[in-house]
Amino acid sequence: MIINPAVKRIARPTAWKLALLGGFVTQLLLIVFVTVIGLQQLGVTTDNLNKVVDVHMRNQELTKTMVTAARERTLTMLILTQVDDPFDQDALMMQFYNQGGRFATARLALLEQPLNTRERELIAEQGRLTSLAVPIQNEIIDLIAAGRSAEAGEMVIKQAIPIQNQVMVALSQLDAETHRVSTAASNQARAEHGVARWWIYLLSGAALLLGLLVATVVFYFSARISREREQLATHDTLTGLPNRMLFKDRLEQSLIRAKRHQTLVGVMFIDLDRFKRVNDTLGHAIGDLLICEVARRLRQTVRADDIVARLGGDEFVVVINDVVALTPILQGVEKMLGVVIEPYTLDGREIFSSCSIGVSVYPNDGATSVDLLKHADTAMYHAKNNGRNRFQLYDTAMNAMAEERLQLETDLHHAQERGELVFHYQPQLNLESGRIHAVEALIRWQHPDKGLLAPAAFLSMLEETGGIVSVGRQLLLAACQQTARWQAAGFTDLNVAVNLSGREFWHDTLIANVSDALAQSGLPAHALQLELTEGIFMEDVDAAVDRIRALKALGIAVSVDDFGTGYSSLAHLKRFPLDVLKIDRYFVKDLPNAPANEALIRSILALCKGLGLGTVAEGIETRAQLESLRKLGCQIVQGYFISRPVPADQIIALLGRDWLQAFDLAA
Ligand SMILES: Nc1nc2c(ncn2[C@@H]2O[C@@H]3COP(=O)(O)O[C@H]4[C@@H](O)[C@H](n5cnc6c(=O)[nH]c(N)nc65)O[C@@H]4COP(=O)(O)O[C@H]3[C@H]2O)c(=O)[nH]1
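Residues numbered from 1 in each chain as written. Predicted model: local features only at pLDDT ≥ 70, side-chain atom pairs only at ≥ 80, totals over all residues. Heavy atoms only, no water.

The name given to the protein in an unreviewed UniProt entry is Diguanylate cyclase, and the organism recorded there is Thiobacillus denitrificans. We quote the UniProt Catalytic activity (unreviewed entry) comment for the protein here in full: "3',3'-c-di-GMP + H2O = 5'-phosphoguanylyl(3'->5')guanosine + H(+)". (UniProt positions renumbered as here; feature names shortened; annotations may be inferred.)

### Some details on empty space enclosed by the protein
Counting across every chain of the model gives three cavities of 30 Å³ or more. Here the largest cavity defines a volume of roughly 80 Å³. Along the walls of the largest cavity sit Val469, Gly472, Arg473, Leu476, Leu500, Glu504, His507, Thr509, Leu510, Asn513 and Val514, which together make up its complete lining. Secondary structure elements with two or more residues in the lining of the largest cavity: α13 (468-488) and α15 (510-521). The dominant element in the lining of the largest cavity, judged by the number of residues it contributes, is α13, at four residues. The class makeup of the residues in the lining of the largest cavity is five nonpolar, four polar and two charged. (1 Å grid on protein atoms, 1.4 Å probe; cavity = no way out; pocket = protein on both sides within 12 Å on 5 of 7 lines; lining within 4 Å. Points joined across faces, edges and corners; volume = space filled by probe spheres on them. Helix = DSSP H or I, 4+ residues; strand = E, 2+ residues; numbered from the N terminus. Nonpolar A, V, L, I, M, F, W, Y, C, P; charged D, E, K, R; others polar.)

### Structural notes on the side chain of Ser360
Examined against the element boundaries, Ser360 turns out to sit in strand β6 (residues 355-362). A polar side-chain atom of Ser360 sits 2.7 Å from the main-chain carbonyl oxygen of Leu372. The residues touching Ser360, leaving out its near neighbours within four places in the chain, are Val265, Gly266, Val267, Asp365, Leu372, His375, Ala376 and Tyr394. (Polar contact = N/O pair within 3.5 Å; in protein donor to acceptor, adjacent residues only side chain to side chain. Contact = heavy atoms within 4.5 Å.)

### Concerning a nonpolar patch on the surface
A surface patch of nonpolar side chains, amounting to about 410 Å² of accessible area, comprises Leu18, Leu21, Val25 and Leu29. In this structure, Leu18 sits in helix α2 (residues 13-82). What makes Leu18 exposed here is its relative accessible area of 60%. (Patch = residues over 30% accessible without salt bridge, like charges linked within 9 Å, V, L, I, M, F, W, Y side chains within 5 Å. Areas by Shrake-Rupley, 256 points an atom, 1.4 Å probe, with all protein chains shown as cover. Salt bridge = Lys/Arg side-chain N within 4 Å of Asp/Glu carboxyl O. Buried < 20%, exposed > 50% of the residue type's maximum accessible area, 1.4 Å probe, protein only.)

### Points about helix α9 (residues 326-341)
Given a rise of 1.5 Å per residue, 16 residues ought to cover 22 Å, and the 23 Å separating the end C-alpha atoms of α9 matches this to within 8%. Those residues of α9 not exposed but buried are Ile329, Gly332, Val333, Met336, Leu337 and Val340. Projected down its long axis, α9 carries its buried residues within an arc of 135°, all on one side. Of the surrounding secondary structure, the elements contacted by the buried residues of α9 are β1 (264-272), α8 (284-301), β3 (315-323), β4 (344-346), β6 and β7 (391-393). (Expected span 1.5 Å × (residues − 1). Arc of directions from axis to C-beta.)

### Comments concerning the packing of α15 against helix α17 (residues 541-552)
Where α15 meets α17, the closest approach of the two axes is 10 Å, and the angle between their N-to-C directions is 20°. Classified by the angle their axes make, α15 and α17 are roughly parallel. For the pair α15 and α17, the crossing hand works out as right-handed. Each of Leu510, Ile511 and Val514 in α15 lies in contact with α17, whose residues at this interface are Arg547, Ala550 and Leu551. (Axes fitted to C-alpha atoms, helices over the stretch in contact; angles between N-to-C directions. Parallel < 35°, antiparallel > 145°, perpendicular 65-115°, else oblique. Left-handed = near helix turned anticlockwise from the far one by under 90°.)

Rendered as structure tokens:
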């Protein structure tokens, strides 16, 4: 079966689910990654910053301590030179050594700190200068201790302070360097912090974008899937047309509009004729192609706002909206019949089809969608029973008929086992010999209540249910056995013609059934003729030709019935290996006052002669018709004028008769 692409997509929802899950997981991982990296980076840069701040502050503090201690020591030295009191001198001396101690401790601590080369060079320089200053200071202290304060004061000013100034220069350079280093380090830490921040911005932005992307994809696909689900729920997967559910909804809307505007709505129930046979014989793929093509053609024949839906199988329904008279509805129906019957080329094969259409009209035939559809369906059945490839308007009497039909269907179910289905036989007269040349077996139903029923009342039901195949097999055997008995009774040249429906013709068991019937009855194969209608051939010309050849290989004859009434042309005739052509009663009924029909019959006879085909003219109801056909050169004739179909036990009497004499045609 051909499947709409939407279905395939829906059939694999896990692919989308996996894709979406993948998107979410990636996004989640990205967010976790961003958070971890961001926090880590921030931690590192914060640590760096803290370290820089700590080191910087400590270095500066130590440098400052050294500067202060050095300054205070020099000052203390100067004061010592001016103080005479020995207690004050002692106290100042203590201060002097303390300051020296502070200086040395600060210097040692500074040397422990992380320092660059320049800083170490400056400390070394300071050390060198201090080592020059210390002996001078010691000398000054000694002079003070010796009470030579004036000399010591002079030495402070002339030697200690200048060398101390050089120490201070080195220390201030050290301080500047420490400041420069810490500023550079903090700038770098700030820059790293900035980079980390930018990374966080970037990755968060990416996560946000990915999130948006995933959300967009989720939105897009969930919208698409729900659109496709809706399409699936409301449309036929094969043709893409609205299905029964959507059709009902649209029809109801049409009815509301029609009620408001007081317009008509035409509902057409369309069923393809003998579609099952196409499916059974050519396969479902061709059947599907045919359905799609019919759907396309129907859609093309109506306006955009009219509805074309497929209810299932080979059933379509078309709704024509907003019309004020019946004419446009009927024109639409005619158009549809016309487009459906156009030949189809499917998968390289030429195929013929037709349809039967039942029409119901709002408000005349119903006010609700349910009633209108039911009535259009009922009308469609009538169109089918009336011969197919036609339309039928709904009529209230049809409901009763539909019920009757249902009852008949139930009865028919039991008819075969009760032996109620039998053959009646209608003779075919040879106008040259005046004898019955053959009998045509025609099915009858001996209904317990309704009496004898003709095939028109039940044959289509038998075909639809498929019961025709087993009934046909049983009756074929009966006809062969009956004819064998007539032959045994002395009518050795008698032939029998048995009708085959399309379903029987295309059924797998056909060849076996025919050869079994011949074998079981002992009837010579040449005495059996199978009658086919031209519609059967036209469904699939090549396959039909093969089948007819297989039948003829059994030795039987094959005839074509109702030829010329359908849509085939005489040109097709030569393609089929047939033996007999039956001239339909349509051409006979107006004889002898129909020159056109006479001309037609004359040309059919000439054509058949040319093709080596025998002919049988059907439906002779009057003597005038008989004479007319005789004059035209028709040799075998059949019709009520000779005899109606009769039960088997009445045939013997007809077989023994000299018909030329009986009809006074001997001359
Ligand atoms: N108006 C008129 N009608 C005449 C005249 N002479 C014969 N007929 C009728 O014309 C039909 C001829 O059979 P058909 O064309 O094969 O058409 C047959 C055939 O297609 C089908 N049929 C009959 N028996 C069988 C059967 O056993 N199997 C299958 N598959 N189809 C059958 O049913 C169709 C109708 O059969 P019947 O009702 O028996 O109708 C028969 C017959 O009774 C006449 O002079 N005037």
